[in-house]
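Observations on the model geometry
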Amino acid sequence: MTLLRITVFSLAIMFAFTIFANILPQVQSDPPQTEEIDESSLDVAGQIAWGRRLFEGQGTCTLCHNNLGRAPDLLELDLAATLPERIADQRYAGAAAGLSGAAAIEIYLRESMIDPSAFVVDGFGKKGTNDTESPMPRVDAAPISLSATETDALIGFLQDLAGFEVTVALPSAADAVESANVEETPSEDVWPLTSAEDIIANLGCAGCHDLFGSGADIGPDLAETVQQMQRHQLRAAIIDPNAEIADGYEADFMPPDYAEQMWASELELVVDYLIALGAGEAVQ
């Protein structure tokens, strides 16, 4: 009888945990796939299409360049008129100054991506810098880390969007080989990342929060904010960022679909990192 009672009790406990686990909100284990491109076979139309996908995806451009006012809404602006106006602005002293046409637009766009603070549009600078410093991270450095050919594709997309001739060169076979040597090609089976730093870089968190020296101030200072939060609150803030908004910030700034981009184990690693950050035990 004792063995029977233990068996029944064990089964009841397992059943109870199963019910409880299914009641909790589930984090989807559906991490984003990295797009593989045969760069050497691209034509101009393919390069433009690739640039658009980068703009909306890996480049994380739409996190700021949207209708929320954090940065100019590039998809809605009349870029044919706006880009030449930027170059003609009296404050602009960059590499495209005094130039015109599609080639000047390429120079200006590349400069704005590689050296965003070279020229900051009025009203879009970091707080307290009088529009002399941009909050935008370099696209060729972490957390965005676009390759040279990816940057060209993004420029080509924006040139085409503005109605200008695409002047960036198409990738050559040598470019494709060099890019493949720099960037490891992911396997078909994408496994969870095992480092909070890698997860944070993959999600582009440092583009809005001041992490790893990015200096970003679009989002709250996490080292300070997380000190007031418990583990379940941190987890909820990542999965449903609009449920509770920090003072001084607006809703809809943080992507609401991180639960669809992360494995459950990745979420817990990020939460662990944030707890250590709030305790002063993690590198910011």
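Read on for a plain summary of the structure. Residues take numbers from 1 onward in each chain, read along the sequence in its written order. Restriction of local features to residues with pLDDT of at least 70 applies here, the model being predicted, together with a cutoff of 80 or more for giving and counting side-chain atom pairs; totals for whole chains, interfaces and linings are based on all residues. Heavy atoms from the whole structure form the basis of all side-chain values; hydrogens and water molecules are not counted.

1. Thoughts on the overall build of the protein
- Think of it this way: any DSSP run of H or I at least four residues long counts as a helix, any run of E at least two long counts as a strand, and we number them from the N terminus. When helices and strands are tallied, the protein shows 11 helices and zero strands.
- Sequence-ordered secondary structure for the protein, helices as α and strands as β, is α-α-α-α-α-α-α-α-α-α-α.
- The rule is simple: take the accessible area with a 1.4 Å probe, protein chains only, and divide by the maximum for that residue type; under 20% is buried, over 50% is exposed, in between is partly exposed. The proportion of buried residues among the 284 residues of the protein is 37%.
- Partitioning the intrachain contacts of the protein with sequence separation of at least 6 by distance along the chain shows that 63% fall at a separation of at least 24. The contact criterion used is simple: two residues touch if any of their non-hydrogen atoms lie within 4.5 Å.

2. Re helix 11 (residues 264-278)
- Here the expected length of a helix is defined as 1.5 Å per residue gap, with one fewer gap than residues. Helix length check: helix 11, at 15 residues, gives a terminal C-alpha distance of 21 Å against a target of 21 Å (1.5 Å per residue), a fit within 8%.
- Lining the buried residues of helix 11 we find helix 7 (196-203), helix 8 (222-225), helix 9 (231-239) and helix 10 (258-261).
- Backbone geometry just after helix 11 places Gly 280 at a positive phi near 75 degrees.

3. A short note on the packing of aromatic side chains
- Between rings of Phe, Tyr and Trp, where Trp is taken as its six-membered ring, a pair exists when centres lie within 6.5 Å; planes separated by under 30 degrees are stacked, by over 60 edge-to-face, and by other angles tilted. Within the structure shown, the criterion is met by four aromatic pairs.
- Arranged with centres 5.5 Å apart and planes meeting at 55 degrees, the rings of Phe 55 and Phe 157 form a pair that is tilted. Of this pair, Phe 55 sits in helix 2 (residues 44-56) while Phe 157 sits in helix 5 (residues 148-161), and the two are 102 residues apart along the sequence. For the pair Phe 55 and Phe 157, one class covers both residues: buried.
- Consider the rings of Phe 212 and Tyr 273, whose centres lie 6.1 Å apart with planes at 55 degrees: the pair is tilted. Here Phe 212 is found in the loop between helix 7 and helix 8, whereas its partner Tyr 273 is found in helix 11, with 61 residues between them in sequence.
- By way of ring pairs, the aromatic residues Tyr 92, Tyr 108 and Phe 119 are connected into one cluster.

4. Digging into the environment of Ala 162
- Here Ala 162 lies in the loop between helix 5 and helix 6 (173-182).
- With a relative accessible area of 6%, Ala 162 lands in the buried category.
- Along the primary structure Ala 162 and Asp 78 are separated by 84 residues, whereas in three dimensions their C-alpha atoms are 7.1 Å apart.
- If we skip the residues at most four places from it in the chain, Ala 162 touches Leu 79, Ala 80 and Leu 83.

5. Structural notes on the packing of helix 9 against helix 11
- Here helix 9 crosses helix 11 at 125 degrees, and the two axes come no closer than 10 Å. Put simply, helix 9 runs oblique to helix 11. Of the two elements, helix 9 crosses helix 11, and the hand of that crossing is right-handed. Residues Arg 231, Leu 234, Arg 235, Ile 238 and Ile 239 of helix 9 form the contact with helix 11, whose participating residues are Leu 267, Glu 268, Val 270, Val 271, Asp 272, Leu 274 and Ile 275. Interaxial angle, 0 to 180 degrees, is taken between N-to-C directions of lines fitted to C-alpha atoms, where a helix line uses only the stretch in contact. Relative orientations are named as follows: roughly parallel for angles under 35 degrees, roughly antiparallel for angles over 145 degrees, roughly perpendicular for angles from 65 to 115 degrees, and oblique for any other angle. Crossings are sorted by hand: turned counterclockwise from the far helix by less than a right angle, the near helix makes the crossing left-handed, and turned clockwise it makes it right-handed.

6. Quick notes on the packing of helix 7 against helix 11
- Where helix 7 contacts helix 11, the axes come no closer than 9 Å and their chain directions differ by 105 degrees. Between helix 7 and helix 11, the crossing angle belongs to the class labelled roughly perpendicular. Of the residues in helix 11, those in contact with Ala 196, Glu 197, Ile 199 and Ile 200 of helix 7 are Glu 266, Leu 269, Val 270 and Tyr 273.
- Counted by class, the contact of helix 7 with helix 11 contains six nonpolar, no polar and two charged residues. Residue polarity is assigned by list, with Asp, Glu, Lys and Arg as charged and Ala, Val, Leu, Ile, Met, Phe, Trp, Tyr, Cys and Pro as nonpolar; anything else, Gly included, falls into the polar class.

7. Quick word on helix 3 (residues 79-88)
- Turning to helix 3, its buried residues number three or more, namely Leu 79, Thr 82, Leu 83, Arg 86 and Ile 87. Along the long axis of helix 3, the arc covered by the buried residues comes to 135 degrees, so they all point the same way. For helix 3, the exposed residues lying more than 90 degrees away from the buried face are Glu 85 and Ala 88. Arc, as used here, means the arc of the directions from the helix axis to the C-beta atoms.

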